[in-house]
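# Architecture and fold: a report
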Amino acid sequence: MRDWSRAFRRASFRGVPFWVDREAPDFGRRVAVHDISGGGNTVEDTGSRIPIYRVDAYVASDLADIEGRGLELVCRIAGPGFLTLPMDPGLIANCTSCRRDRRKDKNGLIAYDLEFLVATGAAPSVLGAVPSLRGIVVGAVAEIASSFASVFR
């Protein structure tokens with residue numbers, strides 16, 4: 001029997017990892033409806049809609065505040081970045097919305113509503129190195145903070 005708890009990978013955007021509670025990709029076609037005088041219509045297919053990925057994400061650990069700030073930082077960077085979700089192949093996307101939801105009765109867990117718009121026509125080479133380096137630096141800072149915190153336990 002398949003072990004579903006191990007079937008999907010952890011998500012990340014620009015190298016900053018997060019967990020996914022729910023992902024809801026939105027695909028479809030663009031259509032133009034032309035009304036005909038006297039009744040009826042014709043529908044013209046004008047191509048694929050740009051996919052939108054809506055993600056209920058979260059960070060959860062003793063360093064959730066630092067991890068959350070890292071996620072917020074990379075979501076604010078202009079231009080597309082590399083998005084990895086648990087089930088789909090990685091893709092190039094822009095983060096168009098990042099909304100934090102922290103609750104006092106769930107310390108150590110910070111939830112996010114994220115929205116990504118697939119960057120059609122953008123090649124990974126166009127992305128440049130700076131966004132990737134920021135993701136790496138944020139991850140390194142979180143690891144250093146974790147090591148530092150363990151000294152004082």
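Here the residue index of a chain counts from 1 through its sequence in written order. Totals for whole chains, interfaces and linings use every residue, but because this is a predicted model, local features are given only for residues with pLDDT of at least 70 and side-chain atom pairs only at 80 or more, for both listing and counting. Side-chain measures were taken over the full set of non-hydrogen atoms in the model, leaving aside hydrogen atoms and water.

### A look at the sheet that holds strand S5 (residues 52–60)
Ordered in space as S1-S2-S5-S8-S7-S6, the six strands form a closed barrel in which the pairing is antiparallel. Between one strand and the next, the sheet's axes are offset by a mean angle of 40 degrees, whatever the strand orientation. Whether two strands pair depends on DSSP finding at least two bridges between them. Only DSSP runs of H or I covering at least 4 residues are called helices, and only runs of E covering at least 2 are called strands; the numbering of each starts at the N terminus. Sheet topology note: the strand S6 (residues 81–84)/strand S7 (residues 91–102) ladder contains three bridges and is antiparallel. Counterpart to Phe-82 in the pairing with S7 is Ile-92. To obtain each axis, a line is fitted to C-alpha atoms, and for helices this fit is confined to the stretch in contact; angles are then taken between N-to-C directions over 0 to 180 degrees.

### Looking at the pattern of salt bridges
Between Lys or Arg on one side and Asp or Glu on the other, a salt bridge is scored when a side-chain nitrogen of the former is within 4 Å of a carboxyl oxygen of the latter. Inspection of the entire model under this criterion finds nine salt bridges. A salt bridge links Glu-72 to Arg-69, with the nearest nitrogen and oxygen atoms 3.5 Å apart. Of this pair, Glu-72 and Arg-69 both sit in helix H1 (residues 64–76), three residues apart, which is roughly one turn of that helix. Partly exposed residues are those whose accessible area sits between 20% and 50% of the maximum for their type, while under 20% is buried and over 50% is exposed, using a 1.4 Å probe and protein chains only. Residue Arg-69 is classed as exposed on the basis of its relative accessible area, which comes to 52%. When the shortest N-O distance is used, the salt bridge between Arg-103 and Asp-101 registers 3.0 Å. Here the salt bridges share partners, and the residues they tie into one network are Asp-26, Arg-49, Arg-54 and Glu-115.

### Brief notes about the side chain of Thr-84
Topologically, Thr-84 is positioned in strand S6. Sequence-distant contacts of Thr-84, that is, excluding residues within four places in its chain, are made with Arg-9, Arg-10, Ala-11 and Ser-12. The contact criterion used is simple: two residues touch if any of their non-hydrogen atoms lie within 4.5 Å.

### Regarding H1
The length a helix should cover is 1.5 Å for every residue beyond the first. With 13 residues, H1 should cover 18 Å at 1.5 Å per step; its first-to-last C-alpha distance of 18 Å lies within 8% of that length. All buried positions along H1 are accounted for by Ala-64, Gly-68, Gly-70, Leu-71, Glu-72, Val-74 and Cys-75.

### Some thoughts on the state of the cysteines
Put simply, a disulfide is two cysteine sulfurs that come within 2.5 Å. Following the criterion strictly, the structure yields zero disulfides and no others. Left without a disulfide partner, Cys-75 is nearest to the cysteine sulfur of Cys-95, which lies 3.3 Å away. The exposure class of Cys-95 is buried, given its relative accessible area of 17%.

### What to know about the confidence of the model for the chain
Within a predicted model, pLDDT stands for the predictor's per-residue confidence, ranging from 0 to 100. Per-residue confidence for the chain averages 83 on the pLDDT scale, and 79% of its residues sit at or above 70. Note on residues 124–131: pLDDT under 50 across the span, and seven contacts to partners over four residues away in sequence or across chains.

### What to know about the packing of aromatic side chains
Ring pairs (aromatic) are described by centroid distance and by the angle formed between their planes. A pair of aromatic rings is counted whenever rings of Phe, Tyr or Trp (Trp by its six-membered ring) have centres within 6.5 Å, and the orientation is called stacked for planes under 30 degrees apart, edge-to-face for over 60 and tilted otherwise. Per the stated rule, a full pass over the model turns up two aromatic pairs. The interplanar angle of 55 degrees and the centroid separation of 5.0 Å between the aromatic rings of Phe-13 and Phe-116 together place this pair among those described as tilted. One end of the pair, Phe-13, is in strand S1 (residues 11–13); the other, Phe-116, is in strand S8 (residues 109–118), and 103 residues separate them in sequence. Taking the relative accessible area as the measure of exposure, Phe-13 reaches 1% and is therefore buried. Summarising the aromatic geometry, the rings of Phe-27 and Tyr-53 are spaced 5.8 Å apart at their centres and angled 90 degrees between planes, so their arrangement reads as edge-to-face.

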